[in-house]
Amino acid sequence: EPYIPQIIDVNYIEGSNDQKWNSRDFPWTRKLEANNKKVFGNHSFRPNQREVINATMSGYDVFVLMPTGGGKSLTYQLPALICPGITLVISPLVSLIQDQIMHLLQANIPAAYLSANMDWSEQQEILRELTSDYCKYKLLYVTPEKVAKSDVLLRHLNILNSRDLLARIVIDEAHCVSQWGHDFRPDYQGLGILKQKFPKTPVLALTATATASVKEDVVQALGLINCIIFRQSFNRPNLWYSVIPKTKKCVEDIDKFIKENHFDECGIIYCLSRMDCEKVAEKLQEYGHKAAFYHGNMDPAQRAFIQKQWSKDEINIICATVAFGMGINKPDVRFVIHHSLPKSIEGYHQECGRAGRDGQRSSCLLYYSYSDYIRVKHMISQGAAEQSSLITGHGRFNNSGRILETNTENLLRMVGYCENDVDCRRLVQLLHFGEKFDSTHCQKTCDNCCKTRSSVDKDVTNIAKQLVELVKLTGQQFSSSHILEVYRGSLSQFVKKHRHETLSLHGVGKHLAKGEASRIIHHLVVEEYLLEDVKKSDIYGSVSSVLKVNESKVKNLFSGRQAIIIRFPSTVKVGKLSKPEVTPAKGSLTTSGKLSPPRVDTPAQSQSIVDLN
Ligand code: ADP
Ligand code: MG
Ligand code: ZN
């Protein structure tokens, strides 16, 4: 049986709070059920499928938030089959579209697609068929730029519409509309034109990932009217989450993990760069795994070949960039491993969501090191530069600054997630989607809930101030690890070379364990008291970073208006400054109202703590 997510609030927007959508008395109910069995081979409906179908077939605009693998496609394919006319589907990637069309044709449902890189004659033939008297197609898929740029398509849609044959407009992966999302695509912003031109045609927007602000954006940009929102819990009870400190032995650790827990089973390893994909795949092959790499630098045929081999279990492990995944339907993916830091919690949740679609227990491991944050941050700033030229190239709007800010913000939240070694992973992820979660329901299926221990909120304001002062004192030109060395009293050559051993704050933090001190400094970065100023440091592309002080934020710290409280596992003592106050470990927030961040990048740090109390 597939997993049954708990439905938290079915009809989200006021006025739609209504049980009528799961009624079996709609005029189309019998036809619906018969075709679900006969054509799609399904024995029943998954959560919310019937409700969504009934609402969209009743003519409403509908917004669907359903986890990856939840079965969103059926909610428009089944109506498309039983309604007269044609359903227009906008989907971001040609590869996704081809996959869908293949499945539809297998089920004998006539469907076609249009994309910019098709032969013009081929496109014309499809368009001609579209407006012929007995059009055979039930579904027409297009990429968003087709809508934005092709007047021909709009003209044909107009004709269909005037004959009452434009049955429905579907926006798949609707989060791509929003700049707040993790996968913004400028062409999606132009889709509002569809509602303007065809106000009576119901729109169905589908996504597996949307925070509250993304949802607002989508509804606005698409111009949805009185839209009914169906949304269900994003919790995936069969996925086990952990964050693991990343060391130089990372790939060995991965090898060991797979051999011990998922030997010969199928999984995805997400890597940051193309080179990483190739290196990790090669190493795993050496260790005896059937592994291959997959990234955007390979030609499409090669990629399709790898994906096929993986689907047929001829390869177990794919080492891939995030290019791999959208539309992947393999039910028995037993693990998703992040070899480096994901770019956002949304992206992370979605990538993990590719595991365990069959409802069986699956593992989600994230190898985290703070230095990966620097790498990803650099990539993001470069990506934004590229994207901005792309967008201004379109001549529609120039908001590269906005995009960069959003991406940087998303990345920092991800760092906060990794640094957090106290709160339930599910709780933190779901909170990000605006969903409340009682962490006792985690049932120890995440690393933090497994560490059965209490935690302590500690006031580290003074340590924070000292660290900020030290960054200033050294001229805002050193890395966080150097600042930590000086703070903890290192007498390394580098420290001496810069005469930092003579500074008044040298060694002031020597009572702190390395892990603790780094937790605090990373917290200051996550909360933007300190900023990492990332630069490419040599022609080989390695990246370095120096800490800067965010003056506007730090003001409050020194004026005494802002205290910094971090939740530590209660075995950790924070020097003399701590005011221990034991609180239950799980599920609650720190007194500052923020989720407590930091985790430690030295394993077993609690044993190395010196208690000066
Ligand atoms: P999503 O788009 O939400 O990620 P899909 O529509 O691709 O999910 O569906 C994921 C898988 O679930 C597909 O293999 C599909 O055939 C299957 N599926 C969808 N609905 C049902 C159902 N009611 N019963 C059984 N399997 C289903
Ligand atoms: Mg889908
Ligand atoms: Zn948990």
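Report follows, based on the coordinates. (Residues numbered from 1 in each chain as written. Chains lettered and ligands numbered in written order. Predicted model: local features only at pLDDT ≥ 70, side-chain atom pairs only at ≥ 80, totals over all residues. Heavy atoms only, no water.)

**What to know about the overall build of the chain**
Here is the rule: Here a strand is any run of E in DSSP of at least two residues, a helix any run of H or I of at least four, and the numbering for each starts at the N terminus. Throughout, exposure labels follow a simple rule: accessible area from a 1.4 Å probe, protein chains only, divided by the maximum for the residue type, with under 20% read as buried, over 50% as exposed, and the rest as partly exposed. A contact between two residues is defined here by any heavy atoms of the two lying within 4.5 Å. Accessible areas in this description were obtained via Shrake-Rupley with a 1.4 Å probe; residue shielding takes into account the shown protein chains only.
Secondary structure summary: the chain contains 22 helices and 19 strands in total. The proportion of buried residues among the 613 residues of the chain is 54%. Here the contacts in the chain between residues at least 6 apart in sequence split such that 77% fall between residues at least 24 apart. Accessible area for the chain stands at about 26,600 Å²; split by element, carbon and sulfur atoms hold 50% of it.

**Quick word on the coordination of the zinc ion (ligand 3)**
Keep this limit in mind: With water omitted from the atoms examined, metal sites may look incomplete; donors here are N, O and S atoms no farther than 2.8 Å from the metal, or 3.2 Å in the case of Na, K and Ca. Sites are called tetrahedral only when four donors show all angles between 85 and 135 degrees, square planar or octahedral only when four or six donors show opposite pairs over 155 degrees and all other angles between 65 and 115, and irregular in any remaining case.
Protein ligation of the zinc ion (ligand 3) involves Cys 424 (SG), Cys 442 (SG), Cys 446 (SG) and Cys 449 (SG), the donor distances falling in the range 2.3 to 2.4 Å. Coordination at the zinc ion (ligand 3) is tetrahedral: its four donor atoms span angles of 101 to 118° at the metal. Mapping the donors of the zinc ion (ligand 3) onto the primary sequence gives the spacing C-x17-C-x3-C-x2-C. A residue pair is termed long-range when its members are at least 10 positions apart, and Cys 424 in the loop between α15 (400-419) and α16 (425-432) and Cys 446 in the loop between α16 and α17 (447-450) qualify at 22 residues. Accessibility expressed as a relative area gives 0% for Cys 424, which makes it buried.

**Here's the deal with unusual backbone geometry**
Note on backbone geometry: most residues besides glycine have negative phi, and most peptide bonds are trans. We note that Gln 476 has phi near 50°; this positive angle belongs to a residue other than glycine. In this structure, Gln 476 sits in the loop between α18 (461-473) and α19 (480-487). A relative accessible area of 22% means that Gln 476 is categorised as partly exposed. Positive phi is not limited to glycine here, since Arg 499 has a value of about 55°. Residue Arg 499 is classed as exposed on the basis of its relative accessible area, which comes to 55%.

**A short note on the nonpolar core**
Rules: What makes a nonpolar core is a set of buried Ala, Val, Leu, Ile, Met, Phe, Trp, Tyr and Cys residues whose side-chain atoms join them at distances within 4.5 Å.
Counting 150 residues, the largest nonpolar core has Ile 90, Leu 140, Ile 171, Leu 194 and Tyr 417 as its most contacted members. When residues no more than four places from it in sequence are discounted, the contact partners of Leu 194 are Leu 88, Ile 90, Val 147, Leu 154, Leu 157, Ile 169 and Ile 171. Counting residues in hydrophobic clusters, the runner-up holds 18 residues, among them Ile 258, Cys 277, Ala 291 and Cys 319.

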